[in-house]
Amino acid sequence: MKKLLASTIVCSALIIGTLDSAVAANKITIKFSHVVAENTPKGKMANRFKSLLEQRVGERVEVDIYPNSQLFGDNKVLQAMLLGDVQIAAPTLSKFSRYTKKLQLFDLPFLFKDMEAVERFQSSDQGRSLLKSMERKGLIGLGYLHNGMKQLSANDPLRIPQDANGKKFRIMSSDVLQAQFEAVKAVPLKKPFSEVFTLLQTKAIDGQENTWSNIYSKKFHEVQPYITESNHGLVDYMVVTSVEFWQQLDNELRREIKQAMDEAIQFGNQVALEKSVSDRQAILDSKRSELITITDSQRQLWIDAVQPVWKQFESQIGNALIEAAVQSNTP
Ligand code: SIN
């Protein structure tokens with residue numbers, strides 16, 4: 001009897017051990033690559049996503065986060081995703097133009113009056129439909145994540161469009177942003193985020209545009225004596241994965257990933273809101289950069305100067321989409 005019991009225990013242990021190693025063998029690794037620091041809305045969202053998902057289905061999934069362009073820069077990450085080398089990324093909406101021209105909408109200067117308007121537009125039918133706009137190209141949008149409104153930093157104070165004349169600005173890889181700087185007779189240069197600090201420090205460029213949290217976390221304010229509070233545009237993200245990866249998951253795991261992502265995005269958006277105030281203040285407190293506040297009439301000069309960019313890109317983006325975004329400025 002004792003012998004029988006002992007061999008039953010050994011068999012059960014073997015079966016359990018085999019099942020465990022089968023689960024372990026099927027465990028998937030999600031690589032999440034991004035370009036910003038961990039102490040930013042996107043960095044914190046990514047870390048929250050990892051902890052939520054691993055808490056819930058850690059026996060089935062491991063999430064590896066690669067911040068600060070450690071794995072891929074934004075110019076390579078989407079190609080890498082289509083090759084299966086990375087599963088999740090959240091590039092800015094300015095970096096998708098190879099896959100859809102519609103997202104160029106978000107780069108139109110002075111389109112959204114504030115982040116509430118962005119939120120209203122993104123949760124509308126038109127906004128949500130854009131999450132699916134790249135499916136034929138192999139990419140699925142899992143959600144939008146905010147960072148904030150862009151400010152202009154430079155070696156000299158920028159108050160009116162003429163102040164930008166002839167100056168070199170780093171821009172993200174967006175034709176709309178290129179047209180925006182050309183409209184004020186500046187010289188835009190498309191460069192990866194990872195190179196911006198050095199370009200500014202060595203004075204290879206004169207300025208750049210970014211949010212308070214990106215300026216602060218990457219120390220741009222330490223090498224840029226002036227920041228114009230222009231709120232002229234947007235840094236916002238689409239969290240994406242590949243159609244191929246998404247479709248190979250079973251329903252339950254897909255649901256878990258989506259749920260964890262929705263919660264992480266909600267958390268990231270809260271961080272974005274707080275950082276747009278606290279990182280701005282930290283920059284002012286550092287006294288490394290002087291804040292340039294423009295008057296309403298100076299702001300109007302910038303708006304007038306870049307307005308032709310809307311017409312230039314209207315046919316690529318679609319008039320209905322632009323109209324819907326404009327409408328979202330009215331609550
Ligand atoms: C980011 O926030 O992901 C990068 C923004 C930039 O490239 O300027």
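That block above? That's the structure.
Please read these numbers as outputs of a predicted model, since none were measured by experiment.

Draft legend 1. Region of the structure containing the packing of helix H6 (residues 175–183) against helix H12 (residues 308–317). Running from amino to carboxyl end, H6 crosses H12 at an angle of 150°, the nearest separation of the two axes being 9 Å. By the angle between their directions, the pair H6 and H12 is classed as roughly antiparallel. The hand of the H6/H12 crossing is right-handed. Across the interface between the two elements, Asp175, Val176, Ala179, Gln180 and Ala183 of H6 pack against Val309, Gln312 and Phe313 of H12. When grouped by side-chain class, the residues that make up the contact of H6 with H12 number five nonpolar, two polar and one charged.

Draft legend 2. Seen up close, the side chain of threonine 92. In this fold, threonine 92 is placed in the loop between strand S3 (88–89) and helix H4 (115–122). A residue is classified by how much of its surface remains accessible, and threonine 92, at 4% relative accessible area, is buried. If near-sequence neighbours (up to four positions away) are discounted, threonine 92 is found in contact with Met172, Val235, Asp236 and Tyr237.

Draft legend 3. Representation of empty space enclosed by the protein in the model. Inspection of every chain in the model, using the stated rule, returns four cavities of 30 Å³ or more. Empty space within the largest cavity amounts to approximately 110 Å³. Phe110, Leu152, Ala164, Phe169, Gln180, Phe181, Val184, Ser230, His232, Ile294, Trp302 and Val306 together form the lining of the largest cavity. Every element with two or more residues in the lining of the largest cavity is listed here: H6 and helix H11 (296–306). A volume near 60 Å³ is recorded for the second largest cavity. Lining of the second largest cavity is provided by 13 residues; of these, Thr92, Lys95, Met172, Phe193 and Asn214 occupy positions nearest its centre. For the lining of the second largest cavity, a count of residues per class yields six nonpolar, three polar and four charged.

Draft legend 4. Just the nonpolar core, in detail. The biggest cluster of nonpolar side chains holds 58 residues, and the ones touching the most others in it are Phe32, Phe49, Leu53 and Met261. Sorting elements by how many residues they give to this core places helix H10 (residues 251–286) first, with seven residues. Those residues in contact with phenylalanine 49, other than ones at most four positions away along the chain, are Phe32, Val63, Ile88, Ile257, Ala260, Met261 and Ala264. Within the second largest apolar cluster, 39 residues are counted, among which are Leu103, Phe112, Ala179 and Phe313.

Draft legend 5. Inspection of the environment of lysine 218 at higher detail. With respect to the helices and strands, lysine 218 occurs in the loop between helix H8 (212–217) and strand S9 (226–228). A residue is classified by how much of its surface remains accessible, and lysine 218, at 23% relative accessible area, is partly exposed. For the pair lysine 218 and glutamate 263, spaced 45 residues apart in the sequence, the C-alpha separation amounts to 26 Å. If we ignore the near neighbours within four places in the chain, the residues touching lysine 218 are Val35, Val36, Ala37, Asn68, Phe193 and Phe197.

Draft legend 6. Expanded view of H12. Those residues of H12 not exposed but buried are Val309, Trp310, Phe313 and Ile317. The arc enclosing the buried residues of H12, seen along the axis, measures out at 90°, which places them on a common side. Turned more than 90 degrees away from the buried face of H12 sit Lys311 and Ser315, all of them exposed. Within two residues after H12, glycine 318 carries a phi angle of roughly 105°, on the positive side.

Draft legend 7. Representation of the site of the ligand. Within the structure, the ligand sits among Val35, Val36, Lys42, Thr92, Lys95, Arg170, Met172, Phe193, Asn210, Asn214, Val235 and Tyr237. Measuring from an oxygen atom of the ligand, one finds a side-chain N or O atom of arginine 170 at 2.6 Å. Here an oxygen atom of the ligand and a side-chain polar atom of asparagine 214 are 2.9 Å apart. Relative to its unbound accessible surface of 260 Å², the ligand loses 100% to contact with the protein. The cavity that encloses the ligand is the second largest cavity. Split into classes, the residues belonging to the shell around the ligand amount to six nonpolar, three polar and three charged.

Draft legend 8. Here's a closer look at the pairing of strand S2 (residues 61–66). Here S2 shows a clear split, with Val61, Val63 and Ile65 buried on one side and none of Glu62, Asp64 and Tyr66 buried on the other. With six bridges joining them, strand S1 (residues 28–33) and S2 adopt parallel strand pairing. By the bridge assignment, lysine 31 is partnered in S2 with aspartate 64. Where the polypeptide runs from S1 across helix H2 (residues 41–57) and back to S2, its parallel neighbour, the crossover connection is right-handed.

Draft legend 9. Representation of the pattern of salt bridges. Applying the stated criterion across every chain yields a total of twelve salt bridges. Salt-bridge contacts for lysine 50 lead to glutamate 54; the nearest nitrogen and oxygen are separated by 3.0 Å. Linking lysine 50 with glutamate 54, this pair stays in helix H2, spanning four residues, or about one helical turn. Taking relative accessible area as the criterion, lysine 50 reaches 27% and is therefore assigned partly exposed.

Draft legend 10. View of the packing of aromatic side chains. In the structure shown here, the tally under the stated rule is seven aromatic pairs. Here the aromatic rings of phenylalanine 169 and phenylalanine 181 are separated by 4.6 Å at their centres, their planes lie at 25°, and the arrangement is stacked. Separated by twelve residues along the polypeptide, phenylalanine 169 in strand S6 (residues 168–171) and phenylalanine 181 in helix H6 bring together distant segments of the chain. The residues phenylalanine 169 and phenylalanine 181 share a single accessibility class, namely buried. A ring pair is formed by phenylalanine 193 and phenylalanine 220, whose centres lie 5.9 Å apart and whose planes are at 70°; its orientation type is edge-to-face. Placement of the pair is phenylalanine 193 in the loop between strand S7 (187–190) and helix H7 (196–201) and phenylalanine 220 in the loop between H8 and S9, with a sequence separation of 27 residues.

Reading guide: rules and limits
- Residues numbered from 1 in each chain as written.
- Predicted model: local features only at pLDDT ≥ 70, side-chain atom pairs only at ≥ 80, totals over all residues.
- Heavy atoms only, no water.
- Axes fitted to C-alpha atoms, helices over the stretch in contact; angles between N-to-C directions.
- Helix = DSSP H or I, 4+ residues; strand = E, 2+ residues; numbered from the N terminus.
- Parallel < 35°, antiparallel > 145°, perpendicular 65-115°, else oblique.
- Left-handed = near helix turned anticlockwise from the far one by under 90°.
- Contact = heavy atoms within 4.5 Å.
- Nonpolar A, V, L, I, M, F, W, Y, C, P; charged D, E, K, R; others polar.
- Buried < 20%, exposed > 50% of the residue type's maximum accessible area, 1.4 Å probe, protein only.
- 1 Å grid on protein atoms, 1.4 Å probe; cavity = no way out; pocket = protein on both sides within 12 Å on 5 of 7 lines; lining within 4 Å.
- Points joined across faces, edges and corners; volume = space filled by probe spheres on them.
- Core = buried A, V, L, I, M, F, W, Y, C linked by side-chain atoms within 4.5 Å.
- Arc of directions from axis to C-beta.
- Near = heavy atom within 4 Å.
- Polar contact = N/O pair within 3.5 Å; in protein donor to acceptor, adjacent residues only side chain to side chain.
- Areas by Shrake-Rupley, 256 points an atom, 1.4 Å probe, with all protein chains shown as cover.
- Sits in = over half its atoms within 2 Å of the grid points.
- Pairing = 2+ DSSP bridges.
- Right-handed = clockwise from strand over helix to strand, strands pointing away.
- Salt bridge = Lys/Arg side-chain N within 4 Å of Asp/Glu carboxyl O.
- Phe/Tyr/Trp six-rings, centres within 6.5 Å; stacked < 30°, edge-to-face > 60°.

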